[in-house]
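# Breakdown of the fold
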Amino acid sequence: MIKVDRSQVPKPSALDKKNRAGKTETERAIEHYTAPTFDGTTNFEFKIYSDSEVKNALIKLFKGKCAYCESTFLHVYSGDVEHFRPKGEIEEATPDKKPGYYWLAADWDNLLLSCRNCNQKLSHSMYGIGTKKTMGKMNQFPLSDITKYVRIHDNVNGIADEEPYRLLLNPCIDNPEDHLEYGDEGVIRPKKDADGNESIKAKKSIDVYVLQRMYLVQSREKKLIEMQAQIQRVKEATENYNDIIGSTDTTKKFYFERILKREMEGLKKFLNPEEEYVGMARQVVGEFLRVNFGIAI
């Protein structure tokens, strides 16, 4: 997971589309859930978030990758328009799970692009665990204090009242690299602070977004092996260049300099935002470039 600047892509106009009565879907949802006749069970049918303009804007914003796991998937699945704060119900809320954040169903800031493995409740083989578990975000939205959920659209301070208690990482608000780190075999884990305490947001996000599912770990490991192999090629090209740097043979110097430049470009490609698992690349490749070349990314 990496930080994504939402301002890079304009809010889709479809989200403010009005019906024949001149009302947006958000206005109609608010009327539905605040009507005196609302019995707490009748659902509102949200549609506008699934407009193709919204999906295309999210694909552009997240470079065709899942906002949570950074996997590319559009070649096999169209992707989910994910509500960070769930629209229908809040799994952890008590005593009433419904409604969810109905007034945010068409809020651009609440929409992310997700793969089905992070978003939907599915059976997963987990890294380091023999049995399968049914996991996925869906309607989960944990807070550190369950009494702090904002349940009405006209709360005086809005969602700001809830933010200090939020336990899930939002890549458009938080910098996930401050909370997550990567170990051997593509394993993801919470970072520790100066006192040795693990990031609580990282722990909860890894669990809710299922970031330790076996096939995802294996995919990250494959990318990690590619990074390490390219780092080795850069090391060898650097040694060869350093061996010839004092030579008067300009042809050889140019030859080894060109090889080093090519291998460095190959290494830096892992840092392109369009690549999978850039968060891991910034840790592995970024540290190598900083230590050996003084290059800060």
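Residues numbered from 1 in each chain as written. Predicted model: local features only at pLDDT ≥ 70, side-chain atom pairs only at ≥ 80, totals over all residues. Heavy atoms only, no water.

The chain carries the name TIGR02646 family protein in an unreviewed UniProt entry, which gives Flavobacterium hankyongi as its organism.

### A closer look at the pattern of salt bridges
The full count for this structure, using the stated rule, is 21 salt bridges. A salt bridge links Arg6 to Asp109, with the nearest nitrogen and oxygen atoms 3.9 Å apart. Taken as a pair, Arg6 in the segment before α1 (25–34) and Asp109 in the loop between β1 (80–83) and β2 (111–114) lie far apart in primary sequence, 103 residues in all. Judged by its relative accessible area of 53%, Asp109 is exposed. Here Glu82 and Lys137 are joined by a salt bridge, their closest N and O atoms 2.9 Å apart. Separated by 55 residues along the polypeptide, Glu82 in strand β1 and Lys137 in the loop between β4 (132–135) and β5 (180–182) bring together distant segments of the chain. As far as burial versus exposure is concerned, Glu82 and Lys137 are alike and both buried. Connected through shared salt-bridge partners, Arg85, Glu162, Glu163, Arg166, Asp174 and Lys201 make up one network. (Salt bridge = Lys/Arg side-chain N within 4 Å of Asp/Glu carboxyl O. Helix = DSSP H or I, 4+ residues; strand = E, 2+ residues; numbered from the N terminus. Buried < 20%, exposed > 50% of the residue type's maximum accessible area, 1.4 Å probe, protein only.)

### Description of the packing of aromatic side chains
Applying the stated criterion across every chain, the model contains eleven aromatic pairs. Note on Tyr33 and Phe38: the rings are 5.1 Å apart at their centroids and 80° apart in plane angle, and the pair reads as edge-to-face. Tyr33 gets classed as buried once you look at its relative accessible area, which sits at 9%. The ring of Trp108 is capped by Arg6, whose NZ or CZ atom sits 5.0 Å from the centre of that ring. The ring centre of Tyr77 lies 5.9 Å from the NZ or CZ of Arg116, which sits over that ring. (Phe/Tyr/Trp six-rings, centres within 6.5 Å; stacked < 30°, edge-to-face > 60°. Lys NZ or Arg CZ within 6 Å of the ring centre and 35° of its normal.)

### Things to note about the pairing of β1
Alternating positions in β1 separate into two faces, Asp80 and Glu82 on one and Val81 and His83 on the other, with burial throughout. As paired strands, β1 and β2 are joined by four bridges and run antiparallel to one another. Its bridge partner being in β2, Val81 is matched across the sheet by Leu113. (Pairing = 2+ DSSP bridges.)

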